[in-house]
Every structure is written in C-alpha cells, then in structure tokens.
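Chain by chain, the residues run as shown.
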Amino acid sequence: MNRRNLLKVLGLSAVGVATVPLWMDGWTSDDLPADTTGLDEDQKLVLAAMVDTYIPSGEIPGAKELEVDHFILAMVGGCFQKETQEEFLTGFNGLHQSSTEAYGSSFDQLSTQQRVELLIKLEATEKDPDKTINFVPFIKDLTISGYMSSKYIMENHLGYEFVPGRFNGSFPVEKSVYRNA
Amino acid sequence: MANFNIDAKTRQSYDAIVIGSGISGGWAAKELTEKGLKTLVLERGKNVEHIKDYPTTHLRPWEMKYRGRLPLDVIEENPIVSKCYAFKDDAEHFFVKDKEHPYVQEKPFDWIRGYQVGGKSLLWARQVQRWSDFDFEGPARDGFAVDWPIRYKDLAPWYSYVEKFAGVSGNKDGLAELPDGEFLRPYEFTKVEQYFKEQVAQKYEDRHVIIARCAHLSEQKPIFTEQGRTQCQNRVVCQRGCPYGGYFSSNSSTIPWAQKTGNLTLQADSVVESLIYDEQKEKVTGVRVIDAKTKETTEYFADIIFVNAAAVNTNLLLLNSTSKRFPNGLGNDSGLLGKFMAFHNYRAKIQAEYDGFLDYTTDGNRPTSGYIPRFRNVRQQETNFLRGYAAGFGAHRSTISNTEGVGSTLKEKLLNPKLGPWRVGSHMMGETIPKETNFVNLSKTETDEWGMPLLNFSVDYDDNDEKMIADYFEQMTEMFESAGFTNIRTSDTHQAPGLDIHEMGGVRMGRDPKTSLLNEWNQMHHAKNVFVTDGACMTSTATQNPSLTYMALTARAVDYAVKEMKKGNL
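Once a new chain begins, its residue numbering starts again from 1 and follows that chain's sequence as written. Key to labels: chains lettered from A, ligands numbered from 1, both in the order written. Confidence filtering applies because this is a predicted model: local features only for residues at pLDDT of at least 70, side-chain atom pairs given and counted only at 80 or more, and all residues used for totals across whole chains, interfaces and linings. The side-chain numbers reported here are obtained from all heavy atoms of the structure, hydrogens and water having been left aside.

Caption draft 1: The arrangement of the environment of Leu158 of chain A in detail. Inspection of the secondary structure puts Leu158 of chain A in the loop between helix H7 (151-157) and strand S1 (167-172). Any residue under 20% of the maximum accessible area for its type is buried, any over 50% is exposed, and the rest in between are partly exposed; the area is computed with a 1.4 Å probe on protein chains only. Judged by relative accessible area, Leu158 of chain A falls into the buried class, the value being 18%. Linking Leu158 of chain A and Met148 of chain A, residues 10 residues apart in sequence, is a C-alpha distance of 8.3 Å. Contacts between residues were defined by any pair of non-hydrogen atoms, one from each residue, lying within 4.5 Å. Apart from the residues within four sequence positions on either side, Leu158 of chain A is in contact with Met148, Ile153 and Val177 of chain A together with Leu414 and Pro417 of chain B. Under the scheme used here, helices are H or I runs from DSSP no shorter than 4 residues and strands are E runs no shorter than 2 residues, and both carry numbers assigned from the N terminus.

Set out below in structure tokens:
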C-alpha cells in the first residue's frame, strides 16, 4: 500500500502528512553507509541546520526530516576525493567564522531569517577557483540531490514508478506530473 | 601404491563441449542439448542463476548505497571499465575489474568484459537488427577483407528461428537494407521522433527513421511462458538482470532451456587453457581446463567443440592452443589468426533541441530508441569513404531544474518541476574496415594468475573512420536543421576502440583456407570438429549490433555440426 492510500485509510487529511511518522516510508538513514567523514557532533548540528534552511519543513517534509544530512555525510565519505573531503571539513570552520562575525553565534543558533540571509550571501561570494568545491554551493547541491532522490519525494511528488509496465510516446502534458509546465 | 595413479586428471567425455556461456554459447548449449547431445558448457566466471543471482534487481534509487553512484575507490581502481556507460553501482558486479584480468595495450583498447554464466548477455543493449545482403556483399564489392562465404538467404531462416525464441519487438518497415523479422509489437515513437521520421521521409528517399528492434517481450506468447519469461515491465534497469525475463539473456532463456533437456552440464569457474589436438587422430579431442579457484588442471573430451569464449578471448584461446601440427595456434595455417580485427566506431554524437509539440511528453519507460539504418554507400559507392554508419536516435522532454533561492521558495520550485524543450540526440554506429594491421596477439613475457599469456591489442581507427565521422556530423546536422531543431551540438568522444563492446574478427569466415580460418558453416578449415560462432568469426562488421547475427550463426552451425556428426564426418 502506498503512503497516500494509507493516509486515506487512517482518515488523515493532506495537512496531516508532516505529522505522520517517517517509519511508514520504510526507509531510514540506517540504510546509508556509515559516516566516515570525521565531522564532529557540533558540526553535524550545523549540517542539519543547513539542509533544514535550504528545504524547510512544512506540509511536505523538509530535508532535515528526510535525513538528507545523513545522505550528505555518506556521499562525501564514499564518492569524493580526499581533497574535497578536507575542504568539506574546513568549510564548517569558514561558515562558523562568517556566522559569528555577522551575528555573534554559531550557524545552528541563528534565526531562520539570519540563516537564509547568510546562505544567500555566501552562495554568491564563495567562488574560489583553487578549491575542488565551494562549501556552501556544494552543500546546497547535495541537499537538493538527496532530497529529490529520497523515497518520500520520489514516490509522492515526482511520480516515480519502479515498474511502470507501459510506455506512451504521445502523452498529454496536462495529465503528467509535469502539468505545471 | 603411491604412484599408481600418476595421471591425476579425471578424464571425462561428452558429446559436445561449449566454451563460454554468453549470448552465443547459450545458444550453442540450447541447440546441442535439444538435439540430444550430452553437452558440457564451460564458463570461466562465477555462476549466475536467473533471478536468484541478481542482487540489485529490486533496489529503488534510495536503496542503492550512493543512490546509484559508484564509490570513488571503485572508480579509481577501475579506470578502464569505469568508462563503460553501464558500469554503475547496480551492475558493477557483472563486469570484469581492471586489476583482476590485465592485458597489454600496444595501442589503447578499452576491453569491457563480463566473466560469469550468461557473460555480457546480462549487460547488453538488447538491440537486434538483421544484416542484409548490402552488408554481406560489402567486402567483395568494396575490395577489403575477404568475401563472406554466406549471403542473407543462408541466414534468414536462422534469424527467424532465433527471433521467435528470444523475442524481438519491432515494426515491419519493409526496408531492403534492414530486413524485417519475426516481430512482437513495436514500442512507440515519441511525438518528436515521429515528427522527425516524417520530416526525413519528405526530404530523403533513401533515409528512414524507425523504431529499433530490441530483444524485449513487448507481448506474451506461449513460447516465452514455456521459458518462464513474462512481458517486459518497462523498468529499464535491464543491466541488473531481469526478474521477469523481459529481455533475452542466456540466464533467463537458453541456459534454463538447455538444463530442462537433462543433457546439460554447466560448469562455472572453469578457465579453458587450450584445445587439445591429437597428432595421431589428426583432430581436436577435447579441452584443457584450469579450475579458476584451485588452479588444478582437468581435461575434458568431446566429439564437437564450440568456441564461444567472446570474440577476443576466442582468439586468445586458439592462439594458445599450439601443437606440433599447429605451432602458431589451432587451425592457423594461414597465419591470419588474431588479425583483421574490427569493431564499431561509436565516437560521434549529436544533440539538439526542439520547441514544438510542447503539449506532449512521454509516460512510462521504453527499453529501446529510434534507429536510422545505414543510408551511405548502400547501393553504390557515393562518398570519399568506404561503407557507412547507422545511427541511434531519440527525443525526450527535458525537465528544467531551477535551483535558485533558499528555503520555501527553493522547495516550491523543486516540488513543481517544469518541462523544458524536447531534447533530441543521436549517436553514430560506424562500420570499420578489418585490416591485417589491426590485430591481437599473445604477450611473450607476461602471463595471468592462471598461467595464460596476456593478450596484446594493436587495434586503431584509420582515415576512413575519420572521414565517416565528418560525414555523420554533416549529414545529421543537415537533417536536424531541416527538421527545425535548434542548438545543434556535435561531439567526438575520441574514445579508444573497445568501448563500443562490438569487437569482432580474428578467426574470420571465408571460402579459402589460405585466407580464412572458418568455412561457411563456422567450421575450422583445418579442424573440422571445431566451430567458432561468437564475434571472432566475423569477416566484416556491418553497422548493426552484432549479437543477433551470432545467435543465428550459432543455431545454423549446430544444425550443420550435428548432421555432419551423424554422418560420421567429424
């Protein structure tokens, strides 16, 4: 049974989506490879705050609820070169410095408004050609790819079907999930 | 008693031995066992049982370790196979890793291999276009290689025979250059593919856009039910192995079929070291096998040997099968074994966009694409290069990913994806000319873990290939422009030979033992009970994906071999 049908059975309205516990999706971050990045606990809070700022919670779960921060740690640990992993770690120091200079406290302690402002500013200014990554845009890209490839979003909002059993070459856009085009 | 059994080798005899269990070896096994021959199939890799050994087949993207990406250490350890489009997290276990099986590259060659029961039939792109006489007559007409000893009429009934069993989806297009087959219903064009087909038909009498014939069960028939296969479910994750048997592989089709006869012995982890030539009997009597794990050697004997080790490995095996009679490799009196290797030129691509039909998109998935059969030099020589190219063609709606902003504005954009223009693309599949200077041979100094000499590649493109690429860009650009496609970009990947995974030749068919290794029945001129029916037998390459032709040649050769055996001629 898919989540939507389950919601109907439970008599929940669409508004209730965000309050339905995620265990109903059957995917947890425990399925990801273990974190090998060496990020400390405080920095993990900052990472969680970053993904939460980029894609906040609402009627539809945000990136933090869908554990995208765990996905980022898995990807950085497994799929990127050592230099990038080091720049990823030092990036947290840079963000901390920017955050305390601008607002006097750590990124995860800022208000939502302050976090948004800071990320917009840093995204526009971080353009170091000598680095393999620019920290803030890098986290943003991974947040988006982790969110968009999550079970919840793929199944409930992107029309993902593993076993479509059909191909229609002339399909009207108005009937597609991309009808907003 | 200690030395009583000096020869510790177990002697075992069969009616037939098949070396290799890939797409052609699987067919040899099916045909031989169905005809009642006790058959031993030797596979150098591990066993892969249909469904049971497809570990990733049910994984959704979020269940893959890195959402389908390969970890960096795997990519760094495998610079060659990582270039292959299908070498991803969901199928990497079906590919040979670079370090496990090294080879020598006198000239760069990306050798992509699948060592397991089923071979590369698990991984193939499942495209099955027939050859026509315009292809078989190529070498004779244009004066390269040697004349094929067969023509389309010789193979046509065998194409039909294998298509009915394997299951081929396609449309009856009525084209002389790409003969129709025994088709299950075709997959649909997308809106813009259909439009392009019409545009091309209006402008060019001799150019056609069709839906590519593919080895997928687009509909169910009793023969597929009997094999335990069901209709393709359009998942398009074929390289993982299909639990429905929706596409043809040795694992889903020919091997279980052969097993049901009770005549098959399938032995994995068995590296064939050489074919044994008996100087007294003046014939090949069997094969010498190294156990891949224990390295122990065993000899097996049979009346008929089918060599289906995959094109290049078949060359290696025959070159390594030396005897007093054949000091340069089995059946190699001509000295041509390993020479006249060829492949398909897959370097060229073209992309564009189209802004029409924006009310339409596609729904579901399609396991094939559009196809443009060869239109250059088909009926006569008309360009400054020999032969020509076929082309893949596809058109799909793009999605626009707007990732601007932070917070709820970003979230809103991500959750409401928008469709962009149609993305149109094509890739070239060029015929290359087999030449004596394109060859494989054995390293004189280096051996692998099993004591087999390493194979050396000296295969390259030539001027004809470069001219063909230029012509493909020119012709396709013109066709795209006249259809109103925009933002046309051509690209030459400059990839080494090999990545097309269509390496062919080295043990070519021909009429004359002085200039070929095999006769018109894929039978070795000088070792009559040995048959080679994989890519090694190919005299020329044409432009079509070759697997279907290997299947048809195999079924035809088995039919001949068994008749000859019964007549006492082998």
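Once you've had a look at it, read on.
Caption draft 2: Broad picture of the interface of chain A and chain B. Facing 53 residues of chain A, the contacting portion of chain B comprises 48 residues. Summing the contributions of chain A and of chain B, the shared interface buries around 4,300 Å²; its carbon and sulfur component is 65%. Throughout this description, the term salt bridge denotes a Lys or Arg side-chain nitrogen within 4 Å of a carboxyl oxygen of Asp or Glu. Taken together, chain A and chain B are joined by one salt bridge. For Asp363 of chain B, the salt bridge goes to Arg166 of chain A, with nearest N and O atoms at 2.6 Å. As used in this structure description, the phrase polar contact means that two N or O atoms lie within 3.5 Å; if the pair is within protein, one of them must be able to donate a hydrogen and the other to accept it, and residues adjacent in sequence are counted only when both atoms belong to side chains. Along the contact surface separating chain A from chain B lie 19 residue pairs in polar contact (both at pLDDT 80 or more). Looking at the side of chain A that touches chain B, the elements with two or more residues in it are helix H2 (41-54), helix H3 (68-79), helix H5 (112-125), helix H6 (135-148), H7 and S1 of chain A. By buried area we mean the combined loss of accessible area, with a 1.4 Å probe, across both parts when two parts are placed together.

Caption draft 3: Seen up close, the domain arrangement of chain B. Residues and elements named next belong to chain B. Under the domain assignment used here, chain B contains domain 1 (11-130 + 152-160 + 258-343 + 434-458 + 500-570) and domain 2 (189-211 + 345-431 + 461-496). Inter-centroid distance (C-alpha atoms) of domain 1 to domain 2 is 33 Å. Opposite the 16 residues of domain 1 that make contact, domain 2 presents 16 residues. In total, domain 1 and domain 2 occlude about 1,200 Å² of area from one another, counting both sides; carbon and sulfur atoms represent 47% of this. Counting the surface domain 1 buries against domain 2, the share from its top three residues, Phe343, Asp500 and Thr543, is 44%. For the interface between domain 1 and domain 2, the tally reads three residue pairs in polar contact (both at pLDDT 80 or more). Each domain span listed reflects an automatic or database assignment of domains.

Caption draft 4: Structural context of the UniProt feature "domain: Glucose-methanol-choline oxidoreductase N-terminal" (unreviewed entry) in chain B. UniProt positions are given in the numbering used here, feature names are shortened, and annotations may be inferred rather than shown by experiment. As recorded in UniProt, the feature "domain: Glucose-methanol-choline oxidoreductase N-terminal" (unreviewed entry) lies at residues 109-323 of chain B. The straight-line gap between the two end C-alpha atoms of residues 109-323 of chain B is 30 Å; of that span, 29% is helix and 18% is strand.

Caption draft 5: Here's a closer look at the nonpolar core. By size, the foremost hydrophobic cluster in this structure holds 81 residues, and its most contacted members are Leu275, Val287, Ile305 and Leu330 of chain B. When neighbours within four sequence positions are excluded, Leu330 of chain B is seen to be in contact with Leu275, Tyr277, Val284, Leu318, Ser321, Leu337, Met524, Ala527 and Val530 of chain B. Each nonpolar core is a collection of buried residues, namely Ala, Val, Leu, Ile, Met, Phe, Trp, Tyr and Cys, held together in the definition by side-chain atoms within 4.5 Å. Ranked by size, the runner-up nonpolar core spans 49 residues in total, among them Ala63, Phe71, Phe92 and Tyr152 of chain A.

Caption draft 6: Up close: the pattern of salt bridges. Residue and element names in this part refer to chain B. Tallied over the entire structure, the rule returns 39 salt bridges over all chains. Here Arg240 ties to Asp90 by a salt bridge, and the two come within 2.9 Å at their closest N and O atoms. Of this pair, Arg240 sits in the loop between helix H7 (222-227) and helix H8 (250-260) while Asp90 sits in the loop between helix H2 (72-77) and strand S3 (104-105), placing them 150 residues apart in sequence. A salt bridge links Arg130 to Glu163, with the nearest nitrogen and oxygen atoms 2.6 Å apart. Of this pair, Arg130 sits in the loop between S3 and helix H3 (133-136) while Glu163 is found in helix H5 (residues 152-166), placing the two residues 33 residues apart along the sequence. Among the residues examined, Arg130 registers a relative accessible area of 4% and is labelled buried.

Caption draft 7: Structural context of helix H6 (residues 191-203) of chain B. Residue and element names in this part refer to chain B. Across its 13 residues, H6 extends 19 Å between first and last C-alpha, which sits within 8% of the 18 Å expected from 1.5 Å per residue. Every buried residue belonging to H6 is among Val192, Glu193, Tyr195, Phe196 and Val200, and all of these are buried. All buried residues of H6 fall inside an arc of 160° around its axis, so they share one side. Exposed side of H6, more than 90 degrees from the buried face: Ala201 and Gln202 are the residues found there. Packing partners of the buried residues in H6 comprise strand S13 (348-354), strand S15 (370-372), strand S16 (389-400), strand S17 (418-431) and helix H11 (463-482). To estimate the expected span of a helix, count its residues, drop one, and scale the result by 1.5 Å. Each C-beta atom gives one direction from the helix axis, and the arc is the one those directions make.

Caption draft 8: Structural detail: the pairing of strand S10 (residues 297-307) of chain B. All names here are of chain B. Summarising burial for S10: nine of the 11 residues are buried, a large majority. Relative to S10, strand S9 (residues 283-291) is paired through five bridges, and the arrangement is antiparallel. Bridge assignment links Val287 to a residue of S10, and that residue is Tyr300. What sits between S9 and S10 in their antiparallel hairpin is a turn of five residues, with Lys295 showing a positive phi close to 70°. Should DSSP find at least two bridges between two strands, the strands are taken to pair. Relative to strand S23 (residues 527-532), S10 is paired through three bridges, and the arrangement is parallel. When the sheet's bridge partners are listed, Phe306 is paired in S23 with Phe531.

Caption draft 9: Representation of the pairing of strand S8 (residues 270-278) of chain B within the structure. Residue and element names in this part refer to chain B. Counted residue by residue, S8 has eight buried out of nine residues, so it is predominantly covered. Here S8 runs beside S9; their pairing, made up of eight bridges, is antiparallel. Among the inter-strand pairings, Ile276 is bridged to a residue of S9, identified as Gly286. The hairpin formed by S8 and S9 contains four residues between the paired strands, and Glu282 there has a positive phi angle of roughly 55°.

Caption draft 10: The arrangement of the packing of H2 of chain A against helix H4 (residues 82-103) of chain A in detail. Residues and elements named next belong to chain A. Only the stretch in contact is used when fitting a helix axis, every axis being a line fitted to C-alpha atoms; angles between N-to-C directions are given from 0 to 180 degrees. Where H2 meets H4, the axes come as close as 11 Å, and the angle between the chain directions of the two elements is 80°. Here H2 lies roughly perpendicular to H4, going by the angle between them. Packed against H2, whose contacting residues are Gln43, Val46, Leu47 and Met50, the element H4 presents Leu89, Phe92, Asn93 and Leu95 at the interface. We call Asp, Glu, Lys and Arg charged. Ala, Val, Leu, Ile, Met, Phe, Trp, Tyr, Cys and Pro are nonpolar, and the rest, Gly among them, are polar. Classifying every residue of the contact of H2 with H4 by side-chain character gives six nonpolar, two polar and no charged. When describing relative orientation, an angle under 35 degrees is termed roughly parallel and one over 145 degrees roughly antiparallel, while 65 to 115 degrees is termed roughly perpendicular and anything else oblique.

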